[in-house]
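Now for the letters of each chain:
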Amino acid sequence: MAVEKSRRDFIGMAFGAVSAVGGVMALGAMKASWDPLPSVMAAGFTTVDLSSMKDGEFRTEVWRGKPIFILKKDAKMKKNEARDVIIGNENYTVVIGLCTHLGCIPAYLEDTAIFRCACHGGEFDASGIQTFGPPPKPLVIPPFKIDGTKLVLGESGPEYKKLIGKV
Ligand code: FES
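Residues numbered from 1 in each chain as written. Predicted model: local features only at pLDDT ≥ 70, side-chain atom pairs only at ≥ 80, totals over all residues.

*Asks:* Explain the environment of Tyr108 residue by residue, including any values.
*Replies:* Inspection of the secondary structure puts Tyr108 in strand E6 (residues 107–109). Each C-alpha atom, one on Tyr108 and one on Ala126, is 8.9 Å from the other, the two residues being 18 residues apart in sequence. Setting aside residues up to four positions removed in sequence, Tyr108 forms contacts with Phe58, Phe69 and Phe115. (Helix = DSSP H or I, 4+ residues; strand = E, 2+ residues; numbered from the N terminus. Contact = placed C-beta atoms within 7 Å.)

*Asks:* Can you break down unusual backbone geometry residue by residue, with the values?
*Replies:* Positioned with a positive phi, Arg64 is a non-glycine residue whose angle comes to about 50°. Taking the number of C-beta atoms within 10 Å as the measure of exposure, Arg64 has 14 and is therefore partly exposed. In this model, Ala113 sits at a positive phi of 55°, which is unusual for a non-glycine residue. Among the structural elements, Ala113 can be located in the loop between E6 and strand E7 (114–116). Since 19 C-beta atoms lie within 10 Å of it, Ala113 is described here as partly exposed. (Buried ≥ 20, exposed ≤ 12 C-beta atoms within 10 Å, placed from the backbone.)

*Asks:* An account of the nonpolar core is requested, with residue identities and associated values reported.
*Replies:* Ranked by internal contacts, the top residues of the largest apolar core, which has 20 residues, are Ile68, Ile70, Tyr92, Val94 and Phe144. Those elements that place two or more of their residues in this core are strand E3 (66–72), strand E5 (90–96) and strand E11 (150–153). Excluding its chain neighbours within four sequence positions, the residues that come into contact with Val94 are Ile68, Ile70, Val85, Ile141, Pro142, Phe144 and Leu151. (Core = buried A, V, L, I, M, F, W, Y, C linked by C-beta atoms within 7 Å.)

In structure tokens, the structure reads:
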């Protein structure tokens, strides 16, 4: 009888232990599936070093699958305190390169320093402000943080918050 009871106790404890381990493993698996993948985490930020850019140079970067236009303003381009990203003594236009009308990607026309959208002829000046056609508002400034000569896209630094407060 006593042997039967201790056998039942043992089976009960073994079953409980297996259940507990299974529960912990299931929780671990659930947490792993909820956490963003490392590639997704990395895709959240894009760091761009602007130190090599020349006056008047335009480049396109990609952040979260969107084109980001970066234009280093030269002496001929009008500065815009409410929209320019200022690093040292240099002014940059940093905007998401998607037209605010219906989302086409405007082209940068170097000779006139404007962005023109081929879809419906919308135009934006060198600061990304709409100047012609159907776009209802300026090109959007993406969240950014300044880290020395680098721009960290995807992080809302104080300079970004200041610009957003002004616009
Ligand atoms: Fe750019 Fe219509 S989508 S003007």
